Amino acid sequence: MLFPSYRGRRTRKSEGIRKMVRETAVLPADLVYPLFVVEGLEKKREIKSMPGQYHHGLRSLLEEVKAVAACGIKGVMLFGIPKKKNEVGEEAYNPQGVVQQAVRAIKKKIPEMCVITDVCLCEYTSHGHCGILKDQQVDNDVTIEVLAQVAATHAAAGADLVAPSDMMDGRVAAIRGHLDNEGHKDCGILSYAVKYASAFYGPFREAVGSAPSFGDRRGYQMDPANVREALREVEEDINEGADIVMVKPALPYLDVIKEVRGICDYPLAAYNVSGEYAMLEAAAAKGVLERERAIVETLECIKRAGADIILTYHAREYAEKLWQA
Ligand code: PBG
């Protein structure tokens, strides 16, 4: 049908009719809130590179999780910042480590919250790479054994899902196998299946002190120019036992989300990363865009592209203030 029989504006003329024909709605339950917990921290502290986000100690973490549960958010993603880092990232699999303690505390106080843990070594290694080094390179096969141990300590603490973000080959199978052997068959895997070597992780790396001390992550994270490779990565992780797959970052990769959606009937997550957050906040602080509308639009577009679940630093604010039934 063509104009003048067709007039698109008829279904845009009031908020009521726009809502009626709206194709996508982001619910608080679609969102996962990433949180940073610092070993030994007493009081929460704002993260410079991510205004409005905090380093938490155990006490403020629990308050935060309670508050987000009250506004309908069902999942949090935990990142730990240990006191001690070393060459091999040992603190990552300490059963008394900062994340393991945080998981236990949350599951005790707010058991209904789905607790997801980041499984990676970069926050725990002195060199900031995501695994164990051999001749200045991350050794894949040694690293995946260590990651499996890390995941098992998270599962033992009560994590509902472990989320490997390292991009080593074979890590999902190694983790699944080890979790099953250790009796954690009900702990699921949210795999960062498609993780690009992105400049948009800058504010996060500052927040957790994980910028690599030499080299970069291009030897294990994906080339931003590739999309067919993303489909292979997804297939591989599902074959290895992933329960949910993720694309990361989100905004510059909406086409990737859409392509993955097209080949994959597993739940799909997308990570609206720290650089996307910081970019929006910086533009809003300069007064060059309307902050709240930009947040809603961002989340809507990521969902429209095909994500079921969105990890976003705006989760709490969206669920508390910006969401409308
Ligand atoms: C690695 C990890 C990173 C992020 C999540 N997990 C950083 C990296 O790969 O360098 C980035 C998250 C963000 O930028 O918001 N453990």
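Details of the structure are given in the entry above.
We now turn to the structure provided with this report. Treat the numbers as computed from the prediction; the structure is a model and nothing was measured.

## Structural notes on empty space enclosed by the protein
Line of reasoning, step 1. Summed over the entire model, instances satisfying the criterion amount to two cavities of 30 Å³ or more.
Line of reasoning, step 2. Reported here for the largest cavity is a volume of approximately 160 Å³.
Line of reasoning, step 3. Looking at the largest cavity, it is lined by 20 residues, and the ones nearest its centre are C122, K195, Y201, F204 and K248.
Line of reasoning, step 4. Looking at the second largest cavity, the residues that line it are Y33, P34, L35, F36, Q53, Y54, H56 and E64.
Line of reasoning, step 5. Those elements that provide at least two residues to the lining of the second largest cavity are β1 (31-38) and β3 (54-56).
Line of reasoning, step 6. The residue inventory of the lining of the second largest cavity, partitioned by class, reads five nonpolar, two polar and one charged.

## Here we look at the site of the ligand
Line of reasoning, step 1. The immediate surroundings of the ligand are formed by 19 residues, with K195, R205, K248, S274 and Y313 found nearest.
Line of reasoning, step 2. Within the contact set of the ligand, an oxygen atom lies 2.9 Å away from a side-chain nitrogen or oxygen of Q221.
Line of reasoning, step 3. Protein coverage of the free-state accessible area of the ligand, which is 410 Å², stands at 100%.
Line of reasoning, step 4. More than half of the atoms belonging to the ligand lie within 2 Å of the grid points that define the largest cavity.

## Focus: the packing of helix α8 (residues 254-263) against helix α10 (residues 291-305)
Line of reasoning, step 1. The N-to-C vectors of α8 and α10 enclose an angle of 35 degrees; their axes lie 8 Å apart at closest approach. Note on element contacts: α10 touches α8 through C301, I302, R304 and A305, opposite L254, I257 and K258.
Line of reasoning, step 2. Grouping the constituent residues of the contact of α8 with α10 by class yields five nonpolar, no polar and two charged.

## Focus on the environment of Q324
Line of reasoning, step 1. Along the chain, Q324 turns up in the segment after α11 (315-322).
Line of reasoning, step 2. Accessibility expressed as a relative area gives 56% for Q324, which makes it exposed.

## Description of α10
Line of reasoning, step 1. In a regular helix each residue adds 1.5 Å, so 15 residues correspond to 21 Å; α10 covers 21 Å between its end C-alpha atoms and thus fits that length.
Line of reasoning, step 2. Among the residues making up α10, those that are buried are A294, I295, T298, L299, C301, I302 and A305. Burial along α10 is one-sided: seen end-on, the buried residues are contained in an arc of 160 degrees. Facing away from the buried surface of α10 by more than 90 degrees, the exposed residues are R293 and R304.
Line of reasoning, step 3. Residues of α10 that are buried in the fold lie against β1, α8, β11 (268-272), α9 (274-285), β12 (309-312) and α11.
Line of reasoning, step 4. Phi turns positive, to about 135 degrees, at G306, one or two residues after α10.

## Re the pairing of β11
Line of reasoning, step 1. The element β11 is extensively covered by neighbouring structure, given that five of its five residues are classed as buried.
Line of reasoning, step 2. Of the two faces of β11, the one carrying L268, A270 and N272 and the one carrying A269 and Y271 are both buried.
Line of reasoning, step 3. In the classification by handedness, the crossover that spans strand β10 (residues 244-248), the intervening α8 and the parallel β11 is right-handed.

## Looking at the pairing of strand β9 (residues 188-195)
Line of reasoning, step 1. The buried fraction of β9 is high, at eight of eight residues.
Line of reasoning, step 2. In terms of strand pairing, strand β8 (residues 161-164) meets β9 through two bridges, oriented parallel. Paired with V162 across the bridge in β9 is I189.
Line of reasoning, step 3. Taken together, β8, helix α5 (residues 171-181) and β9 constitute a β-α-β crossover, and its handedness is right-handed.
Line of reasoning, step 4. Sheet topology note: the β9/β10 ladder contains four bridges and is parallel.

## Points about α9
Line of reasoning, step 1. Under the 1.5 Å per step criterion, the end-to-end length of α9 is 16 Å for 12 residues, consistent within 8% with the ideal 16 Å.
Line of reasoning, step 2. By the criterion of burial, α9 is predominantly enclosed, with nine of the 12 residues buried.
Line of reasoning, step 3. Buried within α9 we find S274, G275, E276, Y277, A278, L280, E281, A283 and A284.
Line of reasoning, step 4. For α9, the elements touching its buried residues are α6 (202-208), β11 and α10.
Line of reasoning, step 5. G287 lies just past α9 and shows a positive phi near 80 degrees.

Cut-off values and rules
- Residues numbered from 1 in each chain as written.
- Predicted model: local features only at pLDDT ≥ 70, side-chain atom pairs only at ≥ 80, totals over all residues.
- Heavy atoms only, no water.
- 1 Å grid on protein atoms, 1.4 Å probe; cavity = no way out; pocket = protein on both sides within 12 Å on 5 of 7 lines; lining within 4 Å.
- Points joined across faces, edges and corners; volume = space filled by probe spheres on them.
- Helix = DSSP H or I, 4+ residues; strand = E, 2+ residues; numbered from the N terminus.
- Nonpolar A, V, L, I, M, F, W, Y, C, P; charged D, E, K, R; others polar.
- Near = heavy atom within 4 Å.
- Polar contact = N/O pair within 3.5 Å; in protein donor to acceptor, adjacent residues only side chain to side chain.
- Areas by Shrake-Rupley, 256 points an atom, 1.4 Å probe, with all protein chains shown as cover.
- Sits in = over half its atoms within 2 Å of the grid points.
- Axes fitted to C-alpha atoms, helices over the stretch in contact; angles between N-to-C directions.
- Contact = heavy atoms within 4.5 Å.
- Buried < 20%, exposed > 50% of the residue type's maximum accessible area, 1.4 Å probe, protein only.
- Expected span 1.5 Å × (residues − 1).
- Arc of directions from axis to C-beta.
- Right-handed = clockwise from strand over helix to strand, strands pointing away.
- Pairing = 2+ DSSP bridges.

Purely spatial values, then, with no claim about function.
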